[in-house]
Amino acid sequence: MHAVIIGSGLVGAATALALKQVGIEATLYDQVDLFQAAIAAKGAPVAVEFGESGGSVLIASIGLRVLRTLGLLDEVMASSYPSPTTNWFKIDGSSPITLNASKVAKDCGENEEVFQTSVQILRSKLHSIMMQACNRAGIRCFTGKKFVCYSEMESGVTVEFEDGTTAAGDFLVGADGIHSATRRAIFGDSSKAEFTGAIGHIGVVRTKEHNITLKETCAFYLEREKKQTAWTFKISDDLAAVQVMTFNDPKPSEGNDYRPVADLPKESSRLADMMAEWGVPKHVEEMMRRSFRISPAAIYDLPDLSTYHKGRVILSETLLTERFRMQVSVYDWS
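Residues numbered from 1 in each chain as written. Predicted model: local features only at pLDDT ≥ 70, side-chain atom pairs only at ≥ 80, totals over all residues. Heavy atoms only, no water.

Below, the discussion takes up the UniProt feature "signal peptide" (unreviewed entry) in the protein. Following the UniProt record, one finds the feature "signal peptide" (unreviewed entry) at residues 1-16. Taken end to end, residues 1-16 is 44% helix and 31% strand, and its first and last C-alpha atoms sit 12 Å apart. (UniProt positions renumbered as here; feature names shortened; annotations may be inferred. Helix = DSSP H or I, 4+ residues; strand = E, 2+ residues; numbered from the N terminus.)

Spelled out as structure tokens, the structure:
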């Protein structure tokens, strides 16, 4: 059997690796055009999904077990940072509440020590590990392939791309994210994602370089009545991520989610000044102000679907922000 997978992000890559383990070959197709992106960058870093984008990913016990099944646990653990607690504060850093997440996992029946403590990893590093694993497994990935439509026959499916090429397989997997063209091809425009009005702005900062001390590995700063929230995540001894949520920024263009902003000094200053007005702790403000990359993560909602498959097509997508995307599902392909 052979699967055509649309989308080569975390979920697409994980799905391809999982299929390989049960004897099903897969090929990844992604609309990202690395050649055109490199030309447009004019010598600057290429800000596409295959490059440095996004922030931190928190992987809990379920995700860690999936990684072990895929044979990637040791490699991920070597590139990640333990996150045993979750901390909540008022927006100014007062009234702390700490949850011992490792103890909770153990109390809930997680008896393997390696899975009791969640870990933080840079999203781009996790994606790199997965794509390298796909390459080692002989899973090919074609870029510049924008999904247009598909046709289904008794023997399989054929996918058409915008560049005029096609791909054929026994079944089709849509792993092309919140704006999934595969989902809309199956269920129509009524399944289109709707912007909620909220945008998360994810910054990544080198803490040692800017003398920023981060005591907590995972912290949330909240002012519920004013809809003010900021999060911080420790990725390593030198790297950390900071996220702030806004509710009055313009709706982003479809497809620009998680693409780092071009005017970094202006955007980092804007967000840091706003956070300073909220009264966040100084180190949280400085994390945003000193970020070397900021990626927007717009929050969308989808109408409920009674099923995630139709005929020879199945959706393998996540509905949440970058922060929570690594709860990878394992599907019963029978």
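The subject of this paragraph is unusual backbone geometry. Although it is not a glycine, Ser95 sits at a positive phi angle of roughly 50 degrees. Mapped onto the elements of the fold, Ser95 is located in the loop between strand 5 (85-90) and strand 6 (97-100). A residue is classified by how much of its surface remains accessible, and Ser95, at 40% relative accessible area, is partly exposed. Of note in the backbone geometry, Lys227 takes a positive phi value of approximately 55 degrees without being a glycine. As for its placement among the helices and strands, Lys227 is situated in the loop between strand 14 (218-223) and strand 15 (228-234). (Buried < 20%, exposed > 50% of the residue type's maximum accessible area, 1.4 Å probe, protein only.)

This part takes up the sheet that holds strand 11 (residues 166-169). Read across the open sheet, the 3 strands follow the order 9-10-11; overall the sheet is antiparallel. Of all strands in the sheet, those with a lone pairing partner are strand 9 (147-152) and strand 11, marking the two edges. Across this sheet, the average inter-strand angle for adjacent strands is 20 degrees, counted without regard to direction. When strand 9 meets strand 10 (residues 157-161), the two strands line up antiparallel, connected through 5 bridges. Pairing of Ser151 across the sheet is with Thr158, part of strand 10. (Pairing = 2+ DSSP bridges. Axes fitted to C-alpha atoms, helices over the stretch in contact; angles between N-to-C directions.)

In this section: the pairing of strand 7 (residues 118-122). Strand residues, when the strand is regular, have side chains that alternate between the two faces of the sheet. The buried count for strand 7 comes to 5 of 5 residues, which makes it a mostly enclosed element. Going residue by residue along strand 7, you find Ser118, Gln120 and Leu122 tucked away on one face and Val119 and Ile121 tucked away on the opposite face as well. As paired strands, strand 3 (residues 56-59) and strand 7 are joined by 4 bridges and run antiparallel to one another. Along strand 7, the bridge assignment pairs Leu58 with Gln120. Where strand 4 (residues 81-83) meets strand 7, 3 bridges bridge the pair, whose relative direction is antiparallel. In the sheet register, Tyr81 faces strand 7, and the bridge partner there is Gln120.

This part takes up helix 3 (residues 61-69). Residues lying three or four places apart along an α-helix face the same way, a consequence of the helix completing one turn every 3.6 residues. Where helix 3 is concerned, the buried positions are Gly63, Leu64, Val66 and Leu67. Projected down its long axis, helix 3 shows its buried positions confined to an angular sector of 155 degrees, all on one face. Residues of helix 3 that are exposed and point over 90 degrees away from its buried face: Ile62 and Thr69. On its buried face, helix 3 sits against strand 3, helix 4 (73-78), helix 6 (113-116), strand 7 and helix 7 (123-136). Just beyond helix 3, the residue with positive phi is Gly71, at close to 80 degrees. (Arc of directions from axis to C-beta. Contact = heavy atoms within 4.5 Å.)

Turning next to the pattern of salt bridges. This structure, assessed with the given rule, holds 15 salt bridges. Here Glu112 ties to Arg68 by a salt bridge, and the two come within 3.0 Å at their closest N and O atoms. With Glu112 in the loop between helix 5 (101-107) and helix 6 and Arg68 in helix 3, the pair connects residues that are 44 residues apart, well separated along the chain. Of the charged contacts in the structure, one is a salt bridge between Asp107 and Lys103, with a shortest N-O distance of 2.8 Å. Of this pair, Asp107 and Lys103 both sit in helix 5, 4 residues apart, which is roughly one turn of that helix. Using a relative accessible area of 54% as the deciding quantity, one classes Asp107 as exposed. The exposure class assigned to Lys103 is partly exposed, which follows from its relative accessible area of 48%. Ionic contacts of the salt-bridge type, sharing partners, join the residues Asp273, Lys282, Glu285, Glu286, Arg289 and Arg290 into one network. (Salt bridge = Lys/Arg side-chain N within 4 Å of Asp/Glu carboxyl O.)

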